[in-house]
Amino acid sequence: MAHQSELIEKDILAYLKSHEEKSLLRFITCGSVDDGKSTLIGRLLWDSKMVFEDQLASLEADSKKVGTQGGAIDYALLLDGLQAEREQGITIDVAYRYFSTERRKFIVADTPGHEQYTRNMVTGASTAQVAIILVDARKGLLTQTRRHSYLVSLVGIRHIVLAVNKMDLIDFDQQRFEAIRRDYEQFAATLGFGDITAIPLSALGGDNMIEPSANTPWYHGPALMNYLENVRIEGEDREKPFRMPVQWVNRPHLDFRGFCGTIASGVIRPGDELLVASSGRTSRVTRIVTMNGDLKEAVAGQSVTLTLADEVDISRGDMLSAIDAPPIHSRHPEAHLVWLHDEPLQPGQIYLVKTATAVTPGRVTAVQYAVDVNTLEQKKVSTLGLNEIGVASLELDRPISFDPYRQNRQTGSFILIDRFTNATVAAGMVITAAPLEPQGAQTQRLCTELSGAIRRVSLSEAAVSGTGVSVVDLSGEGGGIEFDVSASFLDYLGKGNRVLFRLRGLDQLEAVALIAYEHTLSFEFDRTAEGVSILIFKRGIRSGKRVSDDDGTGI
């Protein structure tokens, strides 16, 4: 159901056509508990005529039964659908709602305020273009307000509405409103927002929601709906360099070979030169093919098939880009990670890294630091737990093409997937490409003494100092290798640390496998472009604690 319109009765086809051509805005509401997020969205749905008759009847009954307004309409119940949400008066899951006005269509995500549901909030914010951050006018900025503001900046939202709600409870005090606005702008100065619009509201009473309120004659800015209808979001991706991750190579017959995908950013026309980021090959676009015929121009958001003038090796997962602004192509991205899984991150463990259209095995080699989202302070850690956020270095089995997330959300994001359970364990936002050796990993080209053609390598805790995953790089060593394993090295593994051996070839594998066999250790084998990698660790040890369902005797 859309907003009420005379066209619905007069010319339904004309109405549907006009509705189809409207722009779409995705936005979220976030903030602390009881700031009125669900009430605000419920009021928008109510005032835009998006409540069906059966919903209205149910809402009136639920308001009397579990509402918080003394039997009057409780707009929050339009969003809080879970029984636990209604019983506790809080939002737990992300609730998506659709509505429209004469000017624009909207998809809104109502996100939870509790810290333990941070992963739900990040999920809702990942596709949003505008964030409405609610603040209770009586309480001002709270810890959760700062936390959500940081998360919003992290996922790349640049348009912010500071909705100072419940103004009716402080008699629409202008000085209080201005003080909250100044405090927030000072706090958010380092978060990189494009614009911040502060609006005094009473979501329950409807003040400054749809129309300017007579209770705030001192406020001369837009009402909330007016802002949402007019904020400029179209064209932002079109102004960025061209990017199209290839989703499928279309080869119906010998005379046609096209590359299908959704344009992530930029504009493309027949005759434009393109670069294949993985190979560095270039070619010229000859046609832009769609189901409804060829196009003279295609822009960000459109799904198209491109044909090229030259026979270029391109497959699913490759990225077509502008020649003058190529993406980063590397095996070693550095990224923000938001950990979404109950089991903590295991540095060195192999996960599946899924970008726009590519999936490749990879591992987190080191966690550089975690961010305390309450204070924005950085803290040294070796792993990440549920809802924690940190900066990590990754190593992939093959290079992938990406952009820094702040420059392009479509090509700068990825997820980590557990290979065995297929669970999404983390969301990633690329910062840049790391140096060839991952930062934070303790790389040691250990001193050895030559004994004939065999090199003896001493392994001790001092040689592999650090926490998490340390790296012993022997890929440049020639000939055979033998290891002298000290008690301190075994104690180091017993604390839950892991050691990654980088070898030149299979002839060095036996010496590392012998360590695992003689000392009841576990190991993971991986073939890379540079050689062989072996990760050894004490099975059943995780963050210094023994896992109860594992006997710890190794493989």
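Please refer to the structure higher up on the page.
Residues numbered from 1 in each chain as written. Predicted model: local features only at pLDDT ≥ 70, side-chain atom pairs only at ≥ 80, totals over all residues. Heavy atoms only, no water.

(A) Summary view of the pairing of strand β19 (residues 359-372). Burial analysis of β19 places ten of its 14 residues in the buried class, which makes it a mostly covered element. Both strand β18 (residues 350-354) and β19 contribute to a ladder of five bridges, which runs antiparallel. Looking across to β19, one finds that Val-353 is bridged to Thr-360. Taking the residues between adjacent antiparallel strands as the criterion, β18 and β19 are bridged by four residues. Relative to strand β21 (residues 389-396), β19 runs antiparallel, the two sharing eight bridges. Note that in β21 the partner of Tyr-369 across the bridge is Val-391. (Buried < 20%, exposed > 50% of the residue type's maximum accessible area, 1.4 Å probe, protein only. Helix = DSSP H or I, 4+ residues; strand = E, 2+ residues; numbered from the N terminus. Pairing = 2+ DSSP bridges.)

(B) Spatial organisation of the pattern of salt bridges. A complete count under the given rule lists 14 salt bridges for this structure. With its nearest N and O atoms 3.5 Å apart, the salt bridge here joins Arg-257 to Glu-311. Taken together, the residues span a long stretch of sequence, with Arg-257 in strand β9 (residues 256-262) and Glu-311 in the loop between β14 (303-308) and β15 (319-322) at a distance of 54 residues. According to the relative accessible area criterion, Arg-257 is partly exposed, its value standing at 22%. For Arg-363, the salt bridge goes to Asp-397, with nearest N and O atoms at 3.3 Å. Pair noted here: Arg-363 is in strand β19 and Asp-397 is in the loop between β21 and β22 (400-402), with a separation of 34 residues, a long-range link. A residue is classified by how much of its surface remains accessible, and Arg-363, at 4% relative accessible area, is buried. One network of salt bridges, with partners in common, ties together Arg-331, Arg-363, Glu-395, Asp-397 and Arg-502. (Salt bridge = Lys/Arg side-chain N within 4 Å of Asp/Glu carboxyl O.)

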